[in-house]
Amino acid sequence: MNPEDMRTAHAAHAPSSYREQYHGYIRHKRLIIFLFALLLLVLIVVSIMLGTADLSPLDVLAALVGQGSAHDLIVVWNLRMPRVLTAIVGGIALALAGCAFQSVLRNPLASASTLGISQGAAFGASIAIIVLGMGSSAAAYEGLGASNPYLIVICAFAGAIASTLIILALSRFRDMTPESIVLAGVALSALFTGATALIQYFATDTQVAAVVFWTFGDLGRTSYREIAIMTVVTLAAFAFFYFNRWNFNAMESGEGTAHGLGLNVKRTRLLNMIVGAFASSTVIAFCGTINFIGLVAPHIMRRFIGNDYRYLLPSSALAGAAILLLSDIIARMAVASVVLPISAITSFVGAPLFLYLLMRGAHR
């Protein structure tokens, strides 16, 4: 009998007051997940509505079911839906990775940014744009090279994975603690940032501009083909993380307790870090640097859900998608006829929110 069945069976034989408390505990978490799913649906409709071609909610709903005018269908499915889907899938992947990192490393500051994954991707993109010459044409401003449209993506992904492998190698070579792994990630972030700056120093103005544009982050770079790739990776990562939900719950009580429950902590940490890095690296490689999603989304949901990973994982995924979609709406609508960098918006949205959560936690 698995732990969930044991808990259900225990609740069935417990006094009625305990059963009511347990069912209320479950209903509360499910209600929060439902409300965040509803919020995400509202943001999807709002994101599709807003733009130079104004659409009413009825126009959006009609286009989503294949009705409406040809103009509305083109605007919804060719122009706005890829951006919306990228925000949803990217937010889910980054939030899930951050949630897993924070659990296995037992550090609330663990995320793709603090572990050096984002900086490694930026270094890889710089290599492709400057060293391999993908920044010598206007195509580089769209994240594409003239000879190989995926070369920058491949190099960015390789840089992100290289950063992860270095962290994992250090952790196994020196038997580092989870706290030390995050500190090593911060040091590695500084190393990759310095290496990227050094490469830019010897680049042309066009190449430097291409690198800077890539690091800004852009949800409009992806087509349905890239969205399909990110979706497959994200679904696989979610399935893996949800399969490990009881392992995450065990690790919340400490490594000693997890060992006592028969969990191989080092193996669990290694596998989940690899899967989390793979999911976040895929999104960053296609979309550029996106900050704070993996850091903030799990913390927000912990305030509502708690640390039960049966519900924290899906709720964090919904929160990550909602935050990134809201940030994209702000990026598109803050200044007329200009799309602001998504990484700057997520930082402005995420940093104050994270500081608020920290201050509220300290007050408690």
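All values reported here derive from a predicted model rather than from experimental measurement. (Residues numbered from 1 in each chain as written. Predicted model: local features only at pLDDT ≥ 70, side-chain atom pairs only at ≥ 80, totals over all residues. Heavy atoms only, no water.)

A. Region of the structure containing the packing of helix H10 (residues 245-252) against helix H14 (residues 309-333). Put simply, H10 and H14 touch, their axes get as near as 8 Å, and they point 110° apart. Taken together, the axes of H10 and H14 lie roughly perpendicular to each other. Across from Arg 245, Trp 246, Phe 248, Asn 249 and Glu 252 in H10, the residues of H14 making contact are Tyr 309, Arg 310 and Leu 313. (Axes fitted to C-alpha atoms, helices over the stretch in contact; angles between N-to-C directions. Helix = DSSP H or I, 4+ residues; strand = E, 2+ residues; numbered from the N terminus. Parallel < 35°, antiparallel > 145°, perpendicular 65-115°, else oblique. Contact = heavy atoms within 4.5 Å.)

B. Fine view of the nonpolar core. Ranked by size, the top nonpolar core spans 103 residues in total, and within it Trp 214 and Met 273 carry the most contacts. Ranked by residue count, the leading element in this core is helix H4 (residues 70-104), at 16 residues. (Core = buried A, V, L, I, M, F, W, Y, C linked by side-chain atoms within 4.5 Å. Buried < 20%, exposed > 50% of the residue type's maximum accessible area, 1.4 Å probe, protein only.)

C. Geometry of the pattern of salt bridges. Inspection of the entire model under this criterion finds five salt bridges. For Arg 83, the salt bridge goes to Asp 328, with nearest N and O atoms at 2.8 Å. Linking Arg 83 in helix H4 with Asp 328 in helix H14, this pair joins segments that are 245 residues apart in sequence. An identical accessibility class is assigned to Arg 83 and Asp 328; each is buried. Taking the shortest distance from any N to any O, the salt bridge between Arg 269 and Glu 255 comes out at 2.6 Å. Of this pair, Arg 269 sits in helix H12 (residues 265-287) while Glu 255 sits in helix H11 (residues 255-260), placing them 14 residues apart in sequence. Through salt bridges with shared partners, a single network forms among Arg 83, Asp 218, Asp 328 and Arg 332. (Salt bridge = Lys/Arg side-chain N within 4 Å of Asp/Glu carboxyl O.)

D. Just the side chain of Gln 102, in detail. Positionally, Gln 102 belongs in helix H4. You can call Gln 102 buried: its relative accessible area is 4%. In this view, Gln 102 contacts Asn 107, Pro 108, Ala 110, Gly 294, Leu 295, Pro 298, His 299 and Arg 302; residues no more than four positions away in its chain are not counted.

E. Representation of the environment of Leu 109. As for its placement among the helices and strands, Leu 109 is situated in the loop between H4 and helix H5 (117-131). According to the relative accessible area criterion, Leu 109 is partly exposed, its value standing at 41%. Sequence separation between Leu 109 and His 299 is 190 residues; the distance between their C-alpha atoms is 9.8 Å. If sequence neighbours within four positions are ignored, Leu 109 has contacts with Thr 114, Leu 295 and Phe 354.

F. View of the confidence of the model for the chain. Mean pLDDT over the chain works out to 86, with 89% of the residues at or above the 70 mark. Confidence, read as mean pLDDT per element, is least for helix H1 (residues 3-13) in the chain (52) and greatest for helix H9 (residues 224-243) (96). Between residues 137-147, whose pLDDT stays under 50, and residues either more than four places distant or in other chains, the model counts 19 contacts. (pLDDT = per-residue confidence, 0-100.)

G. Seen up close, H5. Here H5 contains 15 residues, and its C-alpha end-to-end distance of 20 Å stays within 8% of the 21 Å for a straight helix at 1.5 Å per residue. Counting buried residues in H5 gives 12 out of 15 residues, a clear majority hidden from the surface. All buried positions along H5 are accounted for by Ile 117, Ser 118, Gln 119, Gly 120, Ala 121, Ala 122, Gly 124, Ala 125, Ser 126, Ala 128, Ile 129 and Ile 130. On its buried side, H5 packs onto H4, helix H6 (151-173), helix H7 (178-201), helix H8 (205-216) and H12. (Expected span 1.5 Å × (residues − 1).)

H. Seen up close, the packing of H4 against H14. With their axes 7 Å apart at the nearest point, H4 and H14 run at an angle of 135° to one another. On the basis of the axis angle, H4 is oblique to H14. You can see that H4 and H14 cross each other, and the crossing is right-handed. Between H4, through Arg 83, Val 84, Ala 87, Ile 88, Gly 90, Gly 91, Ile 92, Ala 95, Leu 96, Cys 99 and Ser 103, and H14, the contact on the second element is made entirely by Tyr 309, Leu 312, Leu 313, Ser 316, Ala 317, Gly 320, Ala 321, Leu 324, Leu 325, Asp 328 and Arg 332. Of the residues assigned to the contact of H4 with H14, the class counts are 14 nonpolar, five polar and three charged. (Left-handed = near helix turned anticlockwise from the far one by under 90°. Nonpolar A, V, L, I, M, F, W, Y, C, P; charged D, E, K, R; others polar.)

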